[in-house]
Amino acid sequence: MKIMNMVKAINDALDLKLKEDKSIVVYGEDVGVEGGVFRVTEGLQQKHGADRVFDSPLAESTIIGSAIGMAVAGMRPVVEIQFSGFAYPAFDQMVSHLARMRNRTRGKYTTPAVVRMPYGGGINALEMHSESMEAFYGHTPGLKVVIPSTPYDAKGLLVSAIESEDPVIFMEPKRIYRAIKQEVPEELYSIPIGKAKVVSPGTDITVVAYGAMVREAQKAAALAEKEGISVELIDLRTIYPLDRETIVESVKKTGRVAVVAEGPTTFGVGAEITALVNEGAFLSMEAPPKRITGFDTLVPYPQGEHFYMQSPEKILFEIIDTMNY
Amino acid sequence: MFDVYHPTKKELFQIMDNEGKVINKEWFPKIDDSTLLKAYKELVFARAADLMIVSYQRQGRIYTYPPGYGQEAVSEAVAVQMKKEDWVVPAFRELPLYLAKGASLKDVFKFYMGDEKGAGWSNAKNMLPISVPIATQLPHAVGLGYSLKYNKKDNVVYAFVGDGGTSTGDFHEAMNFAAVWKVPVVFIVQNNQFAISVPFETQTGTDTIAIKSVAYGMPGLRVDGNDFFAMYKAIEQASEHARSGKGAVLIEAVTYRRGAHTTSDDPYKYRTKEEEELWEKKDPVKRLKAYLITNKLWTEEEDDRHIKACKKEVDKLFIETEQELSYELDEVFDHLYSELPDDLEKQKARYKAFLEWKAKRK
Ligand SMILES: Cc1ncc(C[n+]2csc(CCOP(=O)(O)OP(=O)(O)O)c2C)c(N)n1
């Protein structure tokens, strides 16, 4: 075991997989020489060579498009989009090809690539550097979408993403890149994609969160406890395929559900979870599902960002509201 | 001129050397002394502002900022000769141009202090906002150019991008459209040698950016972007070409980002002090100053006085901006649609209810 933050844990997963599997390459803007603007790939070029870890020209579309070509040819590219807000030039490649190649060719050609992208707000950044648009990808048939909330999960989930036979959008909550440190095994291990985790059991309300919001929800759960409310906290870990069973089983027990997510409310992950608990646990429901999510607005620039972000207090406010229904 | 300095010759268009001595009389621009002094003073002002913003950032008074230090002459060459109704389509390192277009330094401060109110350039006419997603602004320049042509205006669009931005599909598509539609757009690539840590050679397989113009079918010119006179002449010729209905031009301004990529970047991960020193010798402000002093248009004393005055003015504007800074909940919502949809009205009301609850709880 070694104490790691999320940056180190992801670096470690890449390092170990690069060592193990020669078909893996890692590239993107500033990924090679500099080791990434967040230093996630630091030292990997020196260790594994410039033909395996390298800088690409500035063009998201061909970063992902070329990864599709490599993957079809049997390689395992792990590419980085510098910020999720800059993935849009590559949207066509992700939606039209990355997600579809297997289906289009009836399984003859597949695209087992990983697209890593830091996402989310709370770092006082310029426009386009703070958004949480995981719903785009969750809504795209053919993609898997994974979001870790801790260093331990980041390493294990990234290993699974690299080993996955399907393309994975791996979104990294940059706000907590360095904020959480914990013991992480030094060897390779994996955490299955598509399985949520019950972070802490409870009896009154199920709170579903992921990414940086897990930590906020944990703090809210502690506040709720003082109010006599017992929260069962679930970390989704995977946005798609959703672990419907874990959520439904929990809500059957608690009778209430709240989803905490940074992105816009409408058509978001919260909406999908609301639907699935209605489908799966309708008769157990004591209150309507609650979405504790971003406004249907852009993420404001830093001076206004606090209005937009979820806080433990805001989560508590909505938990109490649901309890009082 | 575009034939004489045809991109296939791979020449760098220059007028003065590093000491400010004129080495190319033939193409020396017609520019009167007062315009020249105005340009120099604006250059110095922009530089002072730029350096001070970096120091405000270090003091925690402003967020991440991308300095234009060392590249100022490129924008200034446009700033002193553009017409009022010309359009400017910025990337994000064109400070002297924003100010010349009528933006206030306060807009720039607000933008980088994290307030949208700075993004729209309160008083500037015909200038798009800073473009955060690289190169995505270039297709807009084509559309603006089309509207000028359609409305039979003799104005032009000055569109900026970095060397990194030339790798994008949007760059290629915009060049191609501009050439096909023959729109009055002057594309200016600030080739400052790096896209964050990625050097020019990793960005393109060509020796120059200017050469790409040949394939698109428009004139191109590779210019010493740190040579104010060369930049001035290049922009003059390109503007004339565009204004007279002959279509777009691609200018590659060869320059150097003397500062960090942004205040969160450490350049020594990817370049050396020696390289920086080499480019210090080619600094645009230093070179123009040397020219002015040699030609008895300016003195060291005047320079000192001007720099001091600039710093004072910048600081005054910055402190005023700090005092004026405000941000209301409404601003998150009110500019997204022509009319606020009910859904958003409800979300705003819900947030207010939360704030009331929070206030009571304390
Ligand atoms: C589409 C897009 N991808 C990535 C980024 C992150 N980024 C910001 S600036 C930059 C480098 C830009 O290089 P260049 O175009 O040469 O301009 P310079 O910064 O050198 O002025 C990158 C990669 C971005 N802003 N937009």
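Only a predicted model underlies this, so the values are computations on that prediction, with no experimental measurement involved. Positions within a chain are numbered from 1, following the residues in the order the chain's sequence is written. The lettering of chains begins at A and the numbering of ligands begins at 1, in the order of writing. For this predicted model, a pLDDT threshold of at least 70 governs which residues receive local features, and a threshold of 80 or more governs which side-chain atom pairs are given and counted, while totals over whole chains, interfaces and linings are taken from all residues. Excluded from the side-chain calculations are hydrogens and water; all other atoms, namely the structure's heavy atoms, are used.

(A) Region of the structure containing the side chain of A:Lys290. Here a helix means four or more residues in a row that DSSP labels H or I, a strand means two or more in a row labelled E, and each is numbered from the N terminus. Assignment of secondary structure puts A:Lys290 in strand 14 (residues 290-294). Whether two residues touch is decided by their heavy atoms; if any such pair falls within 4.5 Å, the residues are in contact. Not counting the four nearest positions on each side in its chain, A:Lys290 is found in contact with A:Val257, A:Ala258, A:Val259, A:Glu318, A:Asp321, A:Thr322 and B:Arg350.

(B) Seen up close, the pairing of strand 7 (residues 249-254) of chain B. Residue and element names in this part refer to chain B. Strand 7 sits mainly inside the fold: 6 of its 6 residues count as buried. Only protein chains enter the area calculation, which uses a 1.4 Å probe; residues under 20% of their type maximum are buried, those over 50% are exposed, and those in between are partly exposed. Residues of strand 7 alternate between two faces, with Val-249, Ile-251 and Ala-253 on one and Leu-250, Glu-252 and Val-254 on the opposite face, all of them buried. Any two strands with at least two DSSP bridges between them are considered paired. As paired elements, strand 3 (residues 185-191) and strand 7 share 6 bridges and run parallel to each other. Bridge assignment links Asn-191 to a residue of strand 7, and that residue is Val-254. A clockwise course of the path from the first strand over the helix to the second, judged with the strands pointing away from the viewer, identifies a crossover as right-handed. The parallel pair strand 6 (residues 220-224) and strand 7 is bridged by helix 9 (residues 228-243), and the resulting crossover is right-handed.

(C) Quick look at unusual backbone geometry. Geometrically, the link from A:Tyr240 to A:Pro241 is a cis peptide bond, its omega value of 0° lying close to zero. Mapping A:Pro241 onto the fold places it in the loop between strand 12 (238-240) and helix 9 (244-254). The backbone of A:Arg106 sits at a positive phi, close to 50°, despite the residue not being glycine. Locating A:Arg106 in the fold gives a position in the loop between helix 5 (101-104) and strand 5 (114-119). Looking at A:Arg106, the relative accessible area reads 68%, which means it is exposed. Backbone geometry at B:Asn126 places phi at a positive 55°, although glycine is not the residue there. Among the structural elements, B:Asn126 can be located in the loop between helix 4 (105-113) and helix 5 (138-150).

(D) Representation of the site of the ligand. We call a residue near a molecule or strand as soon as one heavy atom of that residue lies within 4 Å of the molecule or strand. As a matter of local geometry, the ligand sits amid 19 residues, with A:Glu60, B:Arg93, B:Val132, B:Gly164 and B:Phe194 nearest to it. Each of chains A and B places residues near the ligand. Any N or O atom pair separated by 3.5 Å or less is treated as a polar contact, with the protein-specific requirement of one donor-capable and one acceptor-capable atom, and with residues adjacent in sequence counted only for side-chain atom pairs. One nitrogen or oxygen atom from the main chain of B:Val132 is found 2.8 Å from a nitrogen atom belonging to the ligand. Within the side chain of B:His261, a nitrogen or oxygen atom sits 3.5 Å from an oxygen atom of the ligand.

(E) Quick peek at the pattern of salt bridges. The term salt bridge refers to a pairing of a side-chain nitrogen on Lys or Arg with a carboxyl oxygen on Asp or Glu at a separation within 4 Å. In total, this model carries 47 salt bridges over all chains according to the counting rule given. Here A:Lys8 makes a salt bridge to A:Asp12, at a shortest N to O gap of 3.9 Å. A residue pair is termed a helical-turn pair when its members lie 3 or 4 positions apart in one helix, as A:Lys8 and A:Asp12 do in helix 1 (residues 6-20) at 4 residues. For A:Lys8, a relative accessible area of 31% gives the class partly exposed. Looking at A:Asp12, the relative accessible area reads 8%, which means it is buried. One salt-bridge network, held together by shared partners, links B:Lys106, B:Glu313, B:Lys316, B:Glu320 and B:Glu324.

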